[in-house]
2 protein chains.
Amino acid sequence: MASIPHIGIDAMGGDHGPSAVAEGLALAFREMPGRFRITLIGERDRIHDALKRAGADRLGVEIVHASETIDMAEKAVAAARKRSSSIGVMTQLHKDGKLDAIFSAGNTGAVVATALLGLGRLESVTRPALACFFPNPKGGTVVLDVGANAECKPSYLVQFAHMGAVYARYLLGRDNPRVGLLSIGEEDTKGNDLVLESLPLLRRAHHLNFIGNVEGRDLFKGTCDVVVTDGFTGNVVLKTAESVAALLVTRMKAEITGDPLAVLGTFFMKPALRRLRQHLDWEEHGAAPLLGVNGVCFIGHGSSGPRAFRSAIRSVASFVDQRVNEHIREEIEADRDTAA
Amino acid sequence: MASIPHIGIDAMGGDHGPSAVAEGLALAFREMPGRFRITLIGERDRIHDALKRAGADRLGVEIVHASETIDMAEKAVAAARKRSSSIGVMTQLHKDGKLDAIFSAGNTGAVVATALLGLGRLESVTRPALACFFPNPKGGTVVLDVGANAECKPSYLVQFAHMGAVYARYLLGRDNPRVGLLSIGEEDTKGNDLVLESLPLLRRAHHLNFIGNVEGRDLFKGTCDVVVTDGFTGNVVLKTAESVAALLVTRMKAEITGDPLAVLGTFFMKPALRRLRQHLDWEEHGAAPLLGVNGVCFIGHGSSGPRAFRSAIRSVASFVDQRVNEHIREEIEADRDTAA
């Protein structure tokens, strides 16, 4: 592994194609020069043009051609079999040790399936999980799983807790991360079967600062640093949260348009609204790691713009620098040893 | 049953006690005179004082004394055994036919448990479900279950679909309500075991305009009129949605305070912000019915203010007027007959 992380990016992933990737790269090279190397995977000509347009054609970015692209609507398992897709080629390069990490803002299911199939799991991990950062007034909370495992066993949730705690410690700088179990009430008696069975296992787990059950509202209060849940609930929560925020913004715009006084008002409020946007903006927090795979695989939002790609590069580079996977392995093995 | 619905209200339920109830009553009598009768249940003296303060002491409101109050933190099952609590006394009055419907903004778990125990189920219903209205640009979506059944079987979800469709038809005026199943992707192959097993049952159900899987984001887009899910996921989604909205408002206030220009801006935007608030306000939509109990039981948010009690009275009265329970019984029996 090189001393500077070598990151592969799926240039075809995301709603805005190679141009958003190239613009994001330009931002990242400006803000964090010398901290990473980049290889873009996808249609060579389109990537070349995009880099040129973004003024990023002399930054030493390598291009690896991939002839196929995976659609946002394609089925995950079928897509994972397309070895010549940008996602497939990129994953293989990572597996062969030619990349230290990979990132795609494409079809989440396809990226997850390709990574699981191509990279496999860290030897101590039963099920990798997708970890998502939720912004809140306490500096944010990591939630996992947000979609890799629709059906979970209690033991998976214990591993999610360990992986989430490592993420919070090394990437968010939390000293002794507080871990909560997502439920429908704080009391130990509240929850579905999975929660009721997971709770005692989490309480018994070593090296874990487990605080018990938390509720949906705690995600945005910042009651804890890590929240574990099954990938079905986590995914529903993530999409719900995004859409509430979007609805509020849409309604606000609708109410303001057609009201000249309100339009005047927004003029005075511009700096405040910009600060609000920065604080809540998902693009500032970049990408979600698929924790527990034998490699470094990050996934971004389909609507990722240049800033999201910039943030993703920052997150991926930190993940490699901080050797998060080694810590995950240690953490889960330590719990297994002491529990035995 | 009297021709004017006789509604019992737990005067001790909710964070603001009898005063919010009394003020809400005064609003309701002013806006909908002659459409309902009210009996308040709780501590007689406190209720009397609250009615006086709200100028609602000459509206013919009856009071039934209940010596005990159930705390918001009390365990549901233990609370349901307190027969002299305001919730217990009220439920008994409904069971005895002295009230046509009941409403509480108190401890949700306790109200649900008391109603299930005291009123029982409509004969055709396996599991009652709590139905919540989510506001969105298409006029809103009913989601159930949002908390009565943490663990569900596929057949329950089919009944939830029928009950939700009746609610949408008779209380929201939707002609042929579109019903969706909450999942993590629109494709039939996406979801956890419950979703995968429920989908074919829902497709086969008669009298149901079932549109397939929907996602968290569809709740706020208004893609369908009814969304069915298990009570664990539904409850997490509800609390998440509420807290995202609260976080956005809090952050916005924080950004505006200390920025004199932004404060000036809000002055111009007041009407627009007021319209936004009205549109998204949970208090305007009042209360959530526990569909499928052998009676009419509505539950309100703990933080219900006067407007929420006013809206609740309106919803409860419509529910009784429209004979929703009869329609639920017909709908579920019709499906059973044709399916047999």
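Definitions and limits used
- Residues numbered from 1 in each chain as written.
- Chains lettered and ligands numbered in written order.
- Predicted model: local features only at pLDDT ≥ 70, side-chain atom pairs only at ≥ 80, totals over all residues.
- Heavy atoms only, no water.
- Helix = DSSP H or I, 4+ residues; strand = E, 2+ residues; numbered from the N terminus.
- Rg over C-alpha atoms; globule rule 2.2 N^0.38 Å.
- Buried < 20%, exposed > 50% of the residue type's maximum accessible area, 1.4 Å probe, protein only.
- Contact = heavy atoms within 4.5 Å.
- Least-squares fit on C-alpha atoms with pLDDT ≥ 70 in both.
- Pairing = 2+ DSSP bridges.
- Axes fitted to C-alpha atoms, helices over the stretch in contact; angles between N-to-C directions.
- Phe/Tyr/Trp six-rings, centres within 6.5 Å; stacked < 30°, edge-to-face > 60°.
- Polar contact = N/O pair within 3.5 Å; in protein donor to acceptor, adjacent residues only side chain to side chain.
- Buried area = accessible area lost by both parts, 1.4 Å probe.
- Salt bridge = Lys/Arg side-chain N within 4 Å of Asp/Glu carboxyl O.
- Nonpolar A, V, L, I, M, F, W, Y, C, P; charged D, E, K, R; others polar.
- Right-handed = clockwise from strand over helix to strand, strands pointing away.
- Parallel < 35°, antiparallel > 145°, perpendicular 65-115°, else oblique.
- Left-handed = near helix turned anticlockwise from the far one by under 90°.

K.L.:
Now, about the overall build of chain A: what can you tell me, with residues and values included?
P.N.:
When helices and strands are tallied, chain A shows 12 helices and 11 strands. For 340 residues, the compact-globule formula gives about 20 Å, and the C-alpha radius of gyration of chain A, at 20 Å, lands near that figure. Dimensions of chain A, computed from the C-alpha atoms along their principal axes, are close to 60 × 55 × 35 Å. Considering chain A as a whole, with its 340 residues, one finds that 59% of them fall into the buried category. Residue pairs in contact within chain A that sit at least 24 positions apart in sequence constitute 73% of those at least 6 positions apart.

K.L.:
With reference to specific residues and values, describe the relation of the copies chain A and chain B.
P.N.:
The transformation that overlays chain A on chain B combines an axial shift of 0.0 Å with a rotation of 180 degrees, and the residual RMSD is 0.0 Å. Those values place the two copies in the arrangement expected of a two-fold rotation axis. The C-alpha atom lying nearest the rotation axis in chain A is that of G265(A); the distance is 2.0 Å. Comparing interface residues between copies, 98% of those in chain A also sit at the interface in chain B, which points to an isologous, same-surface contact.

K.L.:
So what's going on with the sheet that holds strand β3 (residues 62-65) of chain B? Which residues, and what values?
P.N.:
Residues and elements named next belong to chain B. An order of β3-β2-β1-β4-β11-β10-β5-β6-β9-β7-β8 is seen for the 11 strands of this open sheet, with the pairing classed as mixed. Of all the strands in the sheet, the pair left with one neighbour each is β3 and β8 (209-214). Across the sheet, the mean angle separating the axes of adjacent strands is 25 degrees when strand polarity is ignored. Across 4 bridges, strand β5 (residues 129-134) lies against strand β6 (residues 141-144) in antiparallel orientation. Within β6, the residue paired with F134 across the bridge is T141. Helix α6 (residues 154-171) rests against β5, β6, β7 (178-182), β9 (226-228) and β10 (287-291) of the sheet, and its axis sits at about 160 degrees to β9. Most of the contacts of helix α7 (residues 193-204) go to β8, to which it runs at about 160 degrees, and overall it touches β7, β8 and β9.

K.L.:
Break down the packing of aromatic side chains for me, citing the residues and quoting the values.
P.N.:
Residues and elements named next belong to chain A. If you walk through the whole model with that rule in mind, you get 8 aromatic pairs over all chains. A centroid spacing of 5.3 Å and a plane angle of 90 degrees characterise the contact between F298 and F319, whose relative ring orientation is edge-to-face. One end of the pair, F298, is in strand β11 (residues 297-299); the other, F319, is in helix α11 (residues 306-321), with 21 residues separating them in the sequence. Overall, F298 belongs to the buried group, its relative accessible area being 1%.

K.L.:
How would you summarise the side chain of D218(A) if you had to cite specific residues and measurements?
P.N.:
Tracing the chain through its elements places D218(A) in helix α8 (residues 218-221). A polar contact of 2.6 Å, which involves the side chain of D218(A), links it to the side chain of T223(A).

K.L.:
How would you summarise the interface of chain A and chain B if you had to cite specific residues and measurements?
P.N.:
Each partner contributes residues to the interface: chain A has 53 residues there, and chain B has 52 residues. Surface buried jointly by chain A and chain B totals about 5,000 Å² across both partners, of which 73% is contributed by carbon and sulfur atoms. Sorting the residues of chain A by area buried against chain B places I184(A), F232(A) and F268(A) first, and these three jointly supply 13% of that buried surface. At the surface where chain A touches chain B, the tally comes to 2 salt bridges. For E215(A), the salt bridge identified is with K239(B), shortest N-O distance 2.3 Å. Applying the counting rule to chain A against chain B returns 6 residue pairs in polar contact (both at pLDDT 80 or more). For the side of chain A that touches chain B, the secondary structure elements donating two or more residues are α7 (193-204), α8, α9 (231-256) and α10 (260-280) of chain A. Among the elements that line the side of chain A that touches chain B, the one with the most residues is α9(A), at 18 residues. Residue classes in the side of chain A that touches chain B are distributed as 29 nonpolar, 12 polar and 12 charged.

K.L.:
Pulling in residues and values, what's your account of the pairing of strand β8 (residues 209-214) of chain A?
P.N.:
All names here are of chain A. Pairing geometry for strand β7 (residues 178-182) and β8, over 5 bridges, is parallel. Within β8, the residue paired with L181 across the bridge is N213. Between β7 and its parallel partner β8, the chain crosses via α7, and the hand of that crossover is right-handed.

K.L.:
Could you give me a rundown of helix α4 (residues 86-95) of chain A, with the residues and numbers involved?
P.N.:
In an α-helix, one full turn covers 3.6 residues, which means residues spaced three or four apart are oriented alike. Residues and elements named next belong to chain A. Burial analysis of α4 places 8 of its 10 residues in the buried class, which makes it a mostly covered element. Every buried residue of α4 is listed here: S86, I87, G88, V89, M90, T91, L93 and H94. Of the surrounding elements, those touching the buried residues of α4 are β1 (6-10), β2 (37-42), β3 (62-65), β4 (101-104) and α5 (108-119). Taken from the residues just after α4, G97 is the one with a positive phi, measuring 80 degrees.

K.L.:
So, the environment of H65(A): which residues are in play, and what are the values?
P.N.:
All names here are of chain A. For H65, the position within the fold is in strand β3. Sequence-wise, H65 and N192 are 127 residues apart; in three dimensions their C-alpha atoms are separated by 48 Å. Those residues within four positions of H65 in sequence are excluded, and the remaining contacts are G42, E43, R44 and V89. Reaching out from H65, the side chain makes a polar contact with the backbone oxygen of G42 at a distance of 3.4 Å.

K.L.:
Run through the sheet that holds strand β5 (residues 129-134) of chain A, naming residues and quoting values.
P.N.:
Residue and element names in this part refer to chain A. Here 11 strands make up an open sheet; going across it, the order is β3-β2-β1-β4-β11-β10-β5-β6-β9-β7-β8 and the pairing mixed. Of all strands in the sheet, those with a lone pairing partner are β3 and β8, marking the two edges. In this sheet, neighbouring strand axes are inclined to one another by 25 degrees on average, regardless of whether the strands run parallel or antiparallel. Summarising the sheet, β2 and β3 pair through 4 bridges and their orientation is parallel. Within the sheet, the bridge partner assigned to G42 lies in β3 and is H65. Its contacts with the sheet place α5 against β4, β5, β10 (288-291) and β11, and it is angled at close to 175 degrees to β11. Against the sheet, α11 touches β1, β2, β4, β10 and β11, its axis set at about 140 degrees to β1.

K.L.:
If you had to explain the packing of helix α1 (residues 17-31) of chain B against helix α11 (residues 306-321) of chain B to someone new, which residues and values would you point to?
P.N.:
All names here are of chain B. With their axes 7 Å apart at the nearest point, α1 and α11 run at an angle of 50 degrees to one another. Considering the angle they form, α1 stands oblique to α11. The element α1 and its partner α11 pack so that their crossing is right-handed. Here A20, V21, E23, G24, L25, L27, A28 and E31 of α1 come into contact with α11, specifically with P306, R307, F309, R310, I313 and R314. Split by residue class, the contact of α1 with α11 holds 8 nonpolar, 1 polar and 5 charged.

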